[in-house]
Structure formats: C-alpha cells, structure tokens
Amino acid sequence: MTWLKTIKIQGLRLIILVVVLIASIAFGSIRQSAVNVGQIKVNINEHQSNRFIDESDIIHILESTDQLIIGQSIKSLPLKQFEEKLLQNPYLGAVEVYCDHGGILHVNATLQRPVARLLFDQSPHAYLSEQGSLLPLSDKFTARVLLVGGEGIEALRQDKFMMTDLGSQLYEMITYIKNDEFWEAKIAQIDIDAQGEL
C-alpha cells in the first residue's frame, strides 16, 4: 500500500512540474511580445583588416527596408527579410540577425575577404574574394592585396570565371602565394597574357 502512495506522490510532482513549465513558457512568450526594440547592436568579424563596410552602413541598409525598427515589438520584426537584404551587399559573406529579451536587435556579420585586385582594361576593376566571387571597389577602403592584370584579364570578367581553367589556375596560384610568406613578400602582381597564360 505504501508503494501505491509513493507512486501517487511522484505522479503529482510530475504534473506540477509540467504545469509550472508550461506556465513559464507562456509567460516568457507574453513577455517577449511586449518587449520593443530599443537599440541595434552590430558585430562585424574581420573588421580591423577589412573596412569595406562598417556598423553605420549596416544600420543604413536595415533602415532602408521601409520597416520601422526602433520602438517596434521584437515579435513583429521580419528578421529573415533583414538577413536577405543585408546579404545583397557584396561585401558581406554571412549575416545573422536576432533579438534578445532586452530589446536589442543584434546583427552579426562576416565580411568577404579580398585576396586579389583584378585590373580590367575594358571595365571597372574588382576584387577577388577568398570564396572566389567578384567584389566591386569601395570608396571607403583599398585592400592591400595581390594585383592581377595583363591582356588576358578580360576573360575573368564573366560571372562564373572560377569554373574556367584560367580562373581555377589563377585562384590556386593566388592561394599558394598568399599562404607562403616568402612568395607573398616577393610577388606583387600577376600578369595574364593574351593566350591566358599566367
């Protein structure tokens, strides 16, 4: 008989625990919907060595979404839309946007890192990122990177140039030079001739 009493007490404790858990989740959800955004906090990785974009630029991009941010309920903000809008900027490689319970909208951004500057003859120059994408030049910052020029450079202007033999050879050479202290100190420019030879 005492074991039946023990089971009833443990069952009652379990029911009380589940009710308390559900109540706290509901309270947290109600409290979160009542919290308004009071501040935007931006964290940019790689910011010291790469200043193509800064905190004010990111806040400006967020404010250009025609969505009021400061003073709005954190539940009503389209965080995914903010991330998509920020990722349209070519200098940003990854973005995470979230709100905390204190009413702060956090933006964590990782910048694309340029590894070379492509000196096109017929079109504006561009940077080549570590991920192999082309980045436009910036009015804010000039990266100190390897220069790539010559008569055959225009072949790299196409969108998917990394898929070409010349693009993959160039990227492999840039990576090799960048990862070798000796060659990085000695080589400042790579020329591509009219036949596409490095």
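All values derive from a computational prediction rather than experimental measurement.

**Q** Give a detailed account of the sheet that holds strand S6 (residues 134-136), specifying residues and quantitative values.
**A** Pairing is mixed in the open sheet, where 5 strands are placed in the order S6-S5-S4-S7-S8. Taken across any chain shown, the strands that pair with only one partner, and hence form the sheet edges, are S6 and strand S8 (189-191). Taking each pair of neighbouring strands and ignoring which way they run, the sheet shows an average axis angle of 30 degrees. With 3 bridges connecting them, strand S5 (residues 126-129) and S6 associate as antiparallel partners. The residue bridging Tyr-127 from the neighbouring strand is Leu-135, located in S6.

**Q** Describe the packing of helix H2 (residues 55-63) against helix H3 (residues 79-87), listing the residues and the values that go with them.
**A** Relative to each other, H2 and H3 sit at 120 degrees, their axes nearing to 9 Å. When the axes of H2 and H3 are compared, the pair comes out oblique. As for how H2 packs across H3, the hand of that crossing is right-handed. Between H2 and H3, the residues in contact are Ile-58, Ile-61 and Leu-62 and Phe-82, Lys-85 and Leu-86, respectively. Classifying every residue of the contact of H2 with H3 gives 5 nonpolar, no polar and 1 charged.

**Q** Just give me the short version of helix H4 (residues 165-179), but keep the residues and values in it.
**A** With 15 residues, H4 should reach 21 Å at 1.5 Å per residue; the first-to-last C-alpha distance of 21 Å fits that figure. Among the residues of H4, Leu-166, Gly-167, Leu-170, Ile-174 and Ile-177 are the ones counted as buried. Looking down the long axis of H4, one finds its buried residues gathered within 100 degrees of arc, a one-sided arrangement. Along H4, the residues that are exposed and aim more than 90 degrees away from the buried face are Asp-165, Glu-172, Tyr-176 and Asn-179. Tucked into the core, H4 has its buried residues touching strand S4 (114-118), S5, strand S7 (146-149), helix H5 (181-186) and S8.

**Q** Hey, could you go over the side chain of Ser-138 for me, with residue numbers and the actual values?
**A** Relative to the assigned elements, Ser-138 resides in the loop between S6 and S7. Within the structure, the side chain of Ser-138 is placed 3.0 Å from the backbone nitrogen of Lys-140, a separation counted as a polar contact. Within the structure, Ser-138 has its side chain in polar contact with the backbone nitrogen of Phe-141 (distance 3.5 Å). Not counting residues within four places of it along the chain, the set of residues in contact with Ser-138 comprises Phe-52 and Tyr-91.

**Q** Can you lay out the sheet that holds strand S3 (residues 104-111) for me, pointing to particular residues and giving the numbers?
**A** Pairing is mixed in the open sheet, where 3 strands are placed in the order S1-S3-S2. The sheet terminates laterally at strand S1 (39-45) and strand S2 (92-99), the two strands that pair on one side only. For this sheet, the mean angle separating the axes of adjacent strands, direction not counted, is 15 degrees. Relative to S3, S1 is paired through 7 bridges, and the arrangement is parallel. When the bridges of S3 are listed, Gln-39 appears paired with Ile-104. H2 contacts S1, S2 and S3 of the sheet and is inclined by roughly 125 degrees relative to S1. Sheet strands in contact with H3 are S2 and S3, and its direction is about 160 degrees off that of S2.

What counts and how
- Residues numbered from 1 in each chain as written.
- Predicted model: local features only at pLDDT ≥ 70, side-chain atom pairs only at ≥ 80, totals over all residues.
- Heavy atoms only, no water.
- Pairing = 2+ DSSP bridges.
- Helix = DSSP H or I, 4+ residues; strand = E, 2+ residues; numbered from the N terminus.
- Axes fitted to C-alpha atoms, helices over the stretch in contact; angles between N-to-C directions.
- Parallel < 35°, antiparallel > 145°, perpendicular 65-115°, else oblique.
- Left-handed = near helix turned anticlockwise from the far one by under 90°.
- Contact = heavy atoms within 4.5 Å.
- Nonpolar A, V, L, I, M, F, W, Y, C, P; charged D, E, K, R; others polar.
- Expected span 1.5 Å × (residues − 1).
- Buried < 20%, exposed > 50% of the residue type's maximum accessible area, 1.4 Å probe, protein only.
- Arc of directions from axis to C-beta.
- Polar contact = N/O pair within 3.5 Å; in protein donor to acceptor, adjacent residues only side chain to side chain.

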